[in-house]
Amino acid sequence: MRIQVRIKAILFDKDGTIFSFQESWGNWFFSLSRKLADGNNRDLEKIFIEFDFDNSKKKFNIGSKFASSTFEENIERFKRILPSKSKKQIMQTAIESTKEINQIPVTNLTAFFLNLKSRNLLLGVVTNDLEETTINQLKKNKIYNFFDYIVGSNSGYGAKPEPGQLNQFCKRFKIKPSNVMMVGDTLHDLIAGKKAKMNTVGVLTGIAKKSELLLETNYVVNDISEILKIMDDSFT
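None of these values were measured; they are calculated from a predicted model. (Residues numbered from 1 in each chain as written. Predicted model: local features only at pLDDT ≥ 70, side-chain atom pairs only at ≥ 80, totals over all residues. Heavy atoms only, no water.)

> Would you take a moment to explain the packing of aromatic side chains for this structure?
Counted under the stated rule, the structure contains 24 aromatic pairs. Measuring from ring centre to ring centre gives 6.1 Å for Phe-12 and Phe-112, while their planes differ by 80 degrees; the resulting arrangement is edge-to-face. Taken together, the residues span a long stretch of sequence, with Phe-12 in strand β1 (residues 9-12) and Phe-112 in helix α5 (residues 109-117) at a distance of 100 residues. Since its relative accessible area comes to 4%, Phe-112 is described here as buried. Through pairs of rings, three or more aromatic residues link up here, namely Phe-21, Trp-25, Trp-28, Phe-29, Phe-30, Phe-48, Phe-51, Phe-53, Phe-60, Phe-66 and Phe-78. In this structure, Lys-139 is placed above the aromatic ring of Tyr-144, and the distance from its NZ or CZ to the ring centre is 4.9 Å. (Phe/Tyr/Trp six-rings, centres within 6.5 Å; stacked < 30°, edge-to-face > 60°. Helix = DSSP H or I, 4+ residues; strand = E, 2+ residues; numbered from the N terminus. Buried < 20%, exposed > 50% of the residue type's maximum accessible area, 1.4 Å probe, protein only. Lys NZ or Arg CZ within 6 Å of the ring centre and 35° of its normal.)

> Could you clarify how one ought to interpret the nonpolar core in this entry?
Nonpolar side chains tend toward joint burial in soluble globular proteins. Judged by nonpolar contacts, the single largest core of 30 residues is most densely connected at Ile-10, Phe-12, Phe-113 and Phe-147. Not counting residues within four places of it along the chain, the set of residues in contact with Phe-113 comprises Phe-12, Ile-18, Leu-123, Ile-143, Phe-146 and Phe-147. Residues Phe-48, Phe-78, Ile-90 and Ala-94 belong to the second largest nonpolar core, which totals 25 residues. (Core = buried A, V, L, I, M, F, W, Y, C linked by side-chain atoms within 4.5 Å. Contact = heavy atoms within 4.5 Å.)

> Just checking my understanding: could you explain unusual backbone geometry for this structure?
The phi torsion of most residues other than glycine is negative, and most of the peptide bonds are trans. Here the amide bond leading from Lys-160 into Pro-161 is cis, since omega sits at 20 degrees, within 30 degrees of zero. Tracing the backbone through its elements, the reader meets Pro-161 in the loop between β5 (149-151) and α7 (164-173). Although it is not a glycine, Lys-58 adopts a positive phi angle of roughly 55 degrees. Looking at where Lys-58 falls in the secondary structure, it is placed in the loop between β2 (53-54) and β3 (59-60). The phi angle at Asn-120 is positive, at roughly 60 degrees, despite the residue not being glycine. Mapped onto the elements, Asn-120 comes out in the loop between α5 and β4 (122-126).

Laid out in structure tokens, this is it:
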């Protein structure tokens, strides 16, 4: 695999890209759903169906929209099933519960990002999660200081698959999109990258299949550690 231009910056999705999606969010979602259902098994089952979640395995099924949706969109899905609860109640419960999540890194993140920064690369996180939650999670995992740019769905630049977050990065750092790599685990990530005219790389640490990701990119790797090979090939 070879990218024909010199990469000067890399933008990463967060969940399913930096952190393994199923291992990080499965147990959290199961616990949150039970909390919101308040012992109502019928509502609980509706939640699992709506989010395409296998409660016996505590995993999202392939194709679940939870992975690519914004935080706000997922809150709206809960609200439709739980009309007796206000949107504010659901949101506060969800945000509070994210403090308990145990995110599982897809690789040795410190070593990986040290490697990238040694190449004088700009690094960013563009996620459909909330900005504050993202910052807290990066700090918790001791990788916050590696990033020059962190935006979420509530940062004012829209959300993927639209390219607003990515376009703002290029504008802020005065960099051509052709010199930027967008790395993500969903079609939303890759479509946003293509719309922004960036290079794109898909990873298999989310819930999308390789064949699905290949619809929107020429590059799919097992996890982010393997983009180092793409980088090395591109610099030789």
